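# Chain and residue survey
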Amino acid sequence: MILGLTGGIASGKSTVSGIFREAGLAVYDADAIAREVSETPAVIEELTATFGAGILSPAGDLDRAALKTLVFSDKARLARLNAVIHPRVIARFEAIKAAASPEDWTVFDIPLLFEAGLERLCDKVLVVWSGKETQMARLMARDGIDAGLAEAIIDAQAPLSEKLARADLAVNNDGTPEALRTKILDLLRALKGGNP
């Protein structure tokens, strides 16, 4: 069983990933895979050819802060970065799926799961969601930003209603971490036919 996990920013997706890990499921995080991919020599070479040597640290490693500043100020540059990174990340998820046996319980933690069309790799998709006020409060506290920026970041994402309409499963996370843990473990038990 491959369970796709997605949701809006600051909705508790990372917490849910942690609960699944503790329950013994293999969890593959798209952000972590993207970081690994971006550190390979071939990708660093391609990114340097695309964006210039200003994205490298003095040691020749990728300077993530410099790259982020460069691409998030220009949508065309961001599209070029995604064109380098995303196909490699998708290929990694395809390889994981190909190697998985049907008895394995695997979670694909992918923030842009629907946007990238990766629900095709999943048997079921779970959306973890929170109300906008909860999301904003968590985002402001987590990132130390003001309400205006938090709202802009949330509004830049695909609408929650779209994700919920395409999900097989949905869990609201407006409550406590303990309540979320209970919901996720109950959901996992139900998916496994009552077995822990």
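These remarks concern the structure in this document. Bear in mind the structure is a predicted one, so any value in this text is a computation, not a measurement.

### Overview of the sheet that holds strand S2 (residues 26–29)
Across the sheet, five strands lie side by side as S2-S3-S1-S4-S5; this open sheet has parallel pairing. Each edge of the sheet is formed by a strand with only one pairing partner; in this case those strands are S2 and strand S5 (169–172). Taking each pair of neighbouring strands and ignoring which way they run, the sheet shows an average axis angle of 20°. The sheet contact formed by strand S4 (residues 124–129) and S5 spans four bridges and is parallel. Note that in S5 the partner of Val128 across the bridge is Val171. Strand contacts of helix H2 (residues 30–38): S2 and strand S3 (106–109), with the helix running at about 55° to S2, the strand carrying the most contacts.

### Let's talk about the nonpolar core
If you look at the biggest cluster of nonpolar residues, it comprises 27 residues, and the most contacted ones within it are Leu47, Leu67, Ile85, Phe93 and Phe108. Breaking this core down by element, the ones donating at least two residues are H2, helix H3 (41–51), helix H4 (64–71), helix H5 (75–99) and S4. If one sorts the elements of this core by residue count, H5 sits on top with six residues. Core analysis: the second largest hydrophobic core is formed by 16 residues, Val16, Phe20, Val27 and Leu169 among them.

### With respect to the packing of helix H1 (residues 13–22) against helix H9 (residues 177–191)
One way to put it is that H1 packs onto H9 with a least axis distance of 10 Å and a crossing angle of 50°. Between H1 and H9, the interaxial angle falls into the category oblique. Along this stretch, H1 crosses H9, giving a crossing that reads as right-handed. Between H1 and H9, the residues in contact are Thr15, Val16, Ile19, Phe20 and Glu22 and Leu180, Arg181, Ile184, Leu185 and Leu188, respectively. The residue inventory of the contact of H1 with H9, partitioned by class, reads seven nonpolar, one polar and two charged.

### Some words on the packing of aromatic side chains
Each aromatic ring pair is characterised by the separation of its centres together with the angle its planes make. Per the stated rule, a full pass over the model turns up two aromatic pairs. With 6.3 Å between their ring centres and 80° between their planes, Tyr28 and Phe108 make a pair best called edge-to-face. Residue Tyr28 is found in strand S2, and its partner Phe108 is found in strand S3; the two are separated by 80 residues along the sequence. According to the relative accessible area criterion, Tyr28 is partly exposed, its value standing at 30%. A residue is classified by how much of its surface remains accessible, and Phe108, at 0% relative accessible area, is buried. Through a chain of ring-to-ring contacts, three or more aromatic side chains come together here, namely Tyr28, Phe93 and Phe108.

### A few points about the pattern of salt bridges
If you walk through the whole model with that rule in mind, you get 13 salt bridges. Note that Lys163 and Glu115 form a salt bridge whose closest N and O atoms lie 3.9 Å from each other. Of this pair, Lys163 sits in helix H8 (residues 160–166) while Glu115 sits in the loop between S3 and S4, and the two are 48 residues apart along the sequence. For Lys163, a relative accessible area of 3% gives the class buried. Lys132 is the salt-bridge partner of Asp155, the closest N and O atoms lying 2.8 Å from each other. A residue pair is termed long-range when its members are at least 10 positions apart, and Asp155 in helix H7 (residues 147–155) and Lys132 in helix H6 (residues 132–143) qualify at 23 residues. Looking at Asp155, the relative accessible area reads 48%, which means it is partly exposed. The exposure class of Lys132 is partly exposed, given its relative accessible area of 29%. Connected via shared salt-bridge partners are Lys132, Glu151 and Asp155.

Each value, and the rule that gives it
Residues numbered from 1 in each chain as written. Predicted model: local features only at pLDDT ≥ 70, side-chain atom pairs only at ≥ 80, totals over all residues. Heavy atoms only, no water. Pairing = 2+ DSSP bridges. Helix = DSSP H or I, 4+ residues; strand = E, 2+ residues; numbered from the N terminus. Axes fitted to C-alpha atoms, helices over the stretch in contact; angles between N-to-C directions. Contact = heavy atoms within 4.5 Å. Core = buried A, V, L, I, M, F, W, Y, C linked by side-chain atoms within 4.5 Å. Buried < 20%, exposed > 50% of the residue type's maximum accessible area, 1.4 Å probe, protein only. Parallel < 35°, antiparallel > 145°, perpendicular 65-115°, else oblique. Left-handed = near helix turned anticlockwise from the far one by under 90°. Nonpolar A, V, L, I, M, F, W, Y, C, P; charged D, E, K, R; others polar. Phe/Tyr/Trp six-rings, centres within 6.5 Å; stacked < 30°, edge-to-face > 60°. Salt bridge = Lys/Arg side-chain N within 4 Å of Asp/Glu carboxyl O.

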